[in-house]
Amino acid sequence: MSENTYSSYLHLDTLLSAQDCATDADSELLFLTIHQAKELWFKLMIHELEGARRALYAGDELRAYKILSRVHQIQLVQIRTWDVLSTLSPTEFQVFRESVGRDGASGFQSIQNREIEFLLGEKRRIRSFDTGESVRQVDVIAMHKDPVVQERLTRRCAEPSIYDATLNLLAQRFPDAGIEPRPAQGRDYTDSMADDPRVFAVWKRIYDDQDAHMSLFQLGERLIDLEDAFRRWRFRHLTTVARVIGRSTGTGGSAGLRYLQQTAIEGMEDFLYPELWQVRNAIFEGQ
Ligand code: HEM
């Protein structure tokens, strides 16, 4: 066996030889590195979200809370990195945009980003490039040309999200509430959309009597942290794109800024965890 060193353990030979720029433009290394770093963080997020989902199905909300705290910290790092990319001026990007966006290449094709969306429970908020209509994510999977990718995303979309796993836990903890169980296996969650008055009623009980339900209350607040950061990630992408390419169309084939604006704004009106937002309305409406 070869000697274990810092660089052999980290596979630095492979990692640091992957910054293979397509042009000689000075700022391309920034662009490439940011994207690669984001994909590495995405990989870790997927791993952690799967762990949180397992913990929820095992009935261990404290462990899930611990893991989701880590996911949230990763989201905050991800949001912060848009500031680094924002140092890219339009003229710097113009020099290499056509080369890196050749053949329709775009962040839209990030498979891991979609997997994170599915694990978080985001299965519908996407805009058709052709009609601009809001469509289900599963219906645009076909835009990925590779059948292996299509299969991977279709399977992932059918899996329960962390919110499905949370609602399953609530169904077990509050058997009198009539919440429908959402088992880990044997069900297709492609169309899983929460917005259920019975779920709202349970969250309201939890928020009204936090001392009695402290761990579930903390879990609820952590889910809000995740959704809040998810929105901010999208808004920072949008504001970065606005300053770098203005209103020009996307290399992936969308209307560019307008497409990103629509999805970001919809995220303020169409919730991942609707009942947790309804609880906020109810508290201030005195219900
Ligand atoms: C200067 C840098 C960037 C520009 C100008 C840009 C531009 C765009 C545009 C215009 C779209 C819409 C789809 C299209 O027509 O291509 C898009 C989508 C997307 N981009 Fe970026 N982007 C940039 C950086 C990044 C980075 C660093 C990431 C991180 C991985 C990223 C991830 C995504 C994702 C995930 C989508 C799909 C969003 C959705 O469908 O809701 N982008 N980008």
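Since the model is a prediction, treat every value here as computed from it, not as a measurement.

(A) Looking closely at the side chain of H72. Tracing the backbone through its elements, the reader meets H72 in helix α4 (residues 61–85). Classification of H72 by relative accessible area gives buried; the value is 9%. Setting aside its immediate chain neighbours within four residues, H72 contacts R222, D225, L226, A229 and R232.

(B) Spatial organisation of helix α7 (residues 147–158). For α7, built from 12 residues, the straight-helix expectation of 16 Å at 1.5 Å per residue is met to within 8% by its first-to-last C-alpha distance of 16 Å. Every buried residue belonging to α7 is among V149, L153, R156, C157 and A158, and all of these are buried. Where the residues of α7 are buried, they touch α3 (28–57) and α6 (111–120). A side-chain oxygen of the first residue of α7 lies 2.8 Å from the backbone nitrogen of V148; this N-cap is D146.

(C) Here's a closer look at the pattern of salt bridges. Following the criterion strictly, the structure yields 25 salt bridges and no others. When the shortest N-O distance is used, the salt bridge between E61 and R173 registers 2.8 Å. A residue pair is termed long-range when its members are at least 10 positions apart, and E61 in helix α4 and R173 in helix α8 (residues 162–173) qualify at 112 residues. A relative accessible area of 36% means that R173 is categorised as partly exposed. The salt bridge partner of E115 is R156, with a shortest N-O separation of 2.9 Å. Residue E115 is found in helix α6, and its partner R156 is found in helix α7; the two are separated by 41 residues along the sequence. Each member of the pair, E115 as well as R156, is classed as buried.

(D) Structural context of unusual backbone geometry. One non-glycine residue with positive phi stands out, namely H11, at about 55°. Tracing the backbone shows H11 in the loop between α1 (6–10) and α2 (12–16). Of note in the backbone geometry, D103 takes a positive phi value of approximately 60° without being a glycine. As for its position among the elements, D103 is in the loop between α5 (90–100) and α6.

(E) Spatial organisation of the side chain of E117. Within the element layout of this structure, E117 appears in helix α6. Side chain to side chain, E117 and Q137 meet in a polar contact 2.7 Å long. Once residues within four sequence positions are removed from consideration, E117 is found in contact with E122, Q137, F230 and R234.

(F) Here's a closer look at the site of the ligand. As a matter of local geometry, the ligand sits amid 26 residues, with S106, R114, H237, S254 and Y259 nearest to it. At a separation of 3.4 Å, an oxygen atom of the ligand approaches a polar backbone atom of G253. Those elements that place two or more of their residues in the shell around the ligand are α3, α4, α6, α10 (214–245) and α11 (257–269). Residue composition of the shell around the ligand, by class: 12 nonpolar, 11 polar and three charged.

(G) Seen up close, the coordination of the iron atom of the ligand. Among protein residues, the single donor to the iron atom of the ligand is H237 (NE2), with a metal-donor distance of 2.2 Å. Along the chain, H237 turns up in helix α10.

(H) Examining the UniProt feature "binding site: heme" (unreviewed entry) in the protein more closely. UniProt feature "binding site: heme" (unreviewed entry): in the numbering of this structure it lies at H237. If we skip the residues at most four places from it in the chain, H237 touches W82 and L260.

(I) The UniProt feature "binding site: substrate" (unreviewed entry) in the protein, seen in detail. When the UniProt feature table is mapped onto this chain numbering, "binding site: substrate" (unreviewed entry) sits at R97 and T251. The greatest C-alpha distance among the annotated residues, which extend across 155 residues, is 8.7 Å, indicating that they converge on a single site. Looking at where R97 falls in the secondary structure, it is placed in helix α5. Among the residues examined, R97 registers a relative accessible area of 19% and is labelled buried. Not counting residues within four places of it along the chain, the set of residues in contact with R97 comprises I245, S248, T249, G250 and T251. Within the secondary structure, T251 sits in the loop between α10 and α11.

(J) Geometry of the packing of α6 against α10. Two elements in contact, α6 and α10, have axes separated by 12 Å at closest approach and are oriented at 150°. As judged from the angle between their axes, α6 and α10 are roughly antiparallel. Relative to α10, α6 is oriented so that their crossing is left-handed. For the pair α6 and α10, contact is made by N113, E117 and L120 and by L226, F230, W233 and R234, respectively. Of the residues contributing to the contact of α6 with α10, the split by class is four nonpolar, one polar and two charged.

Scoring rules and cut-offs
- Think of each chain on its own: its residues are numbered from 1, step by step along the sequence as written.
- Residues qualify for local features only when their pLDDT is at least 70, as the model is predicted, and side-chain atom pairs are given and counted only at 80 or more; totals for whole chains, interfaces and linings, by contrast, use all residues.
- Computation of side-chain values covers all heavy atoms of the structure but excludes hydrogens and water.
- Numbered from the N terminus, helices here are DSSP runs of H or I no shorter than four residues, and strands are runs of E no shorter than two.
- Partly exposed describes any residue whose relative accessible area lies between the buried limit of under 20% and the exposed limit of over 50%, with all areas from a 1.4 Å probe on protein chains only and scaled to the type maximum.
- In what follows, a contact means two residues having at least one pair of non-hydrogen atoms within 4.5 Å.
- What a helix is expected to span follows from its residue count: subtract one and scale by 1.5 Å.
- Contacts described as polar in this section are N or O atom pairs within 3.5 Å, which, within protein, must combine one atom able to donate a hydrogen with one able to accept it, while residues neighboring in sequence count only if both atoms come from side chains.
- The rule for a salt bridge is simple: a side-chain nitrogen of Lys or Arg has to be within 4 Å of a carboxyl oxygen of Asp or Glu.
- Nearness is defined per residue: one heavy atom within 4 Å of the molecule or strand is enough.
- Amino acids are sorted into nonpolar (Ala, Val, Leu, Ile, Met, Phe, Trp, Tyr, Cys and Pro), charged (Asp, Glu, Lys and Arg) and polar (every other residue, Gly among them).
- The donor set comprises N, O and S atoms within 2.8 Å of the metal, extended to 3.2 Å for Na, K and Ca; water molecules are omitted, so apparent gaps in a site may simply reflect that omission.
- UniProt positions are given in the numbering used here, feature names are shortened, and annotations may be inferred rather than shown by experiment.
- Here an angle of 0 to 180 degrees is reported between the N-to-C directions of two axes, which are lines fitted to C-alpha atoms, with helices fitted over the stretch in contact.
- Note that the term roughly parallel is reserved for angles under 35 degrees, roughly antiparallel for angles over 145, roughly perpendicular for angles of 65 to 115, and oblique for everything else.
- Helix crossings are classified by the rotation of the near helix relative to the far one: an anticlockwise turn of less than a right angle makes the crossing left-handed, while a clockwise turn makes it right-handed.

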